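Secondary and tertiary structure notes
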Amino acid sequence: DSYSVGASYVIMSTMFRAFDVWEAINLDGGGSSTFAVRRTDAAASSTDLFETRNRPTDTAGDRAVVDGIAIVRPLK
């Protein structure tokens, strides 16, 4: 498997400007940064609705954190 190591500030600003974005937030990329998506397959149980899609730096796995940012869209 290959994973991205992230983007530099220069690359991020280039991407944002290409999409006409002029205000953005840079999030910490440390061990508590996790990118999760909601599973849509029928096998997803109520306790396993999300799966991690990045490779956090902590070898122990995902950390419990007290805050987060959610991007949601209505289900169709």
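Residues numbered from 1 in each chain as written. Predicted model: local features only at pLDDT ≥ 70, side-chain atom pairs only at ≥ 80, totals over all residues. Heavy atoms only, no water.

Looking only at helices and strands, the protein chain features one helix and two strands. The order of helices and strands in the protein chain, counted from the N terminus, is α-β-β. Counting the 76 residues in the protein chain, one finds 8% classified as buried. Relative to all contacts within the protein chain whose residues are 6 or more apart in sequence, the contacts with residues 24 or more apart total 32%. Looking at the protein chain as shown, the accessible area adds up to about 7300 Å², and 56% of this sits on carbon and sulfur atoms. (Helix = DSSP H or I, 4+ residues; strand = E, 2+ residues; numbered from the N terminus. Buried < 20%, exposed > 50% of the residue type's maximum accessible area, 1.4 Å probe, protein only. Contact = heavy atoms within 4.5 Å. Areas by Shrake-Rupley, 256 points an atom, 1.4 Å probe, with all protein chains shown as cover.)

Another aspect to go through is helix H1 (residues 9–18). Counting buried positions along H1 gives one out of 10 residues, so the element sits mostly on the surface. Among the residues trailing H1, Asp20 stands out with phi positive, at a value near 60 degrees.

All right, on to a nonpolar patch on the surface then. A grouping of Ile25, Leu27, Ile69 and Ile71 is seen on the molecular surface, where their side chains present a nonpolar patch of about 530 Å² in accessible area. Along the chain, the position of Ile25 falls in the loop between H1 and strand S1 (36–38). Among the residues examined, Ile25 registers a relative accessible area of 68% and is labelled exposed. (Patch = residues over 30% accessible without salt bridge, like charges linked within 9 Å, V, L, I, M, F, W, Y side chains within 5 Å. Salt bridge = Lys/Arg side-chain N within 4 Å of Asp/Glu carboxyl O.)

With that out of the way, let us pick up unusual backbone geometry. With a phi angle near 60 degrees, Asp20 is a residue other than glycine that sits in the positive phi range. Checked against the element boundaries, Asp20 lands in the loop between H1 and S1. By relative accessible area, which is 56% here, Asp20 ends up exposed.

Here the focus is the environment of Leu27. The topology assignment puts Leu27 in the loop between H1 and S1. Each C-alpha atom, one on Leu27 and one on Ile69, is 9.9 Å from the other, the two residues being 42 residues apart in sequence.

Turning to the confidence of the model for the protein chain, a few remarks are in order. Averaged over every residue, the pLDDT of the protein chain is 78; residues scoring 70 or more account for 84%. Ranking the elements of the protein chain by mean pLDDT puts strand S2 (residues 50–52) last, at 81, and H1 first, at 91. (pLDDT = per-residue confidence, 0-100.)

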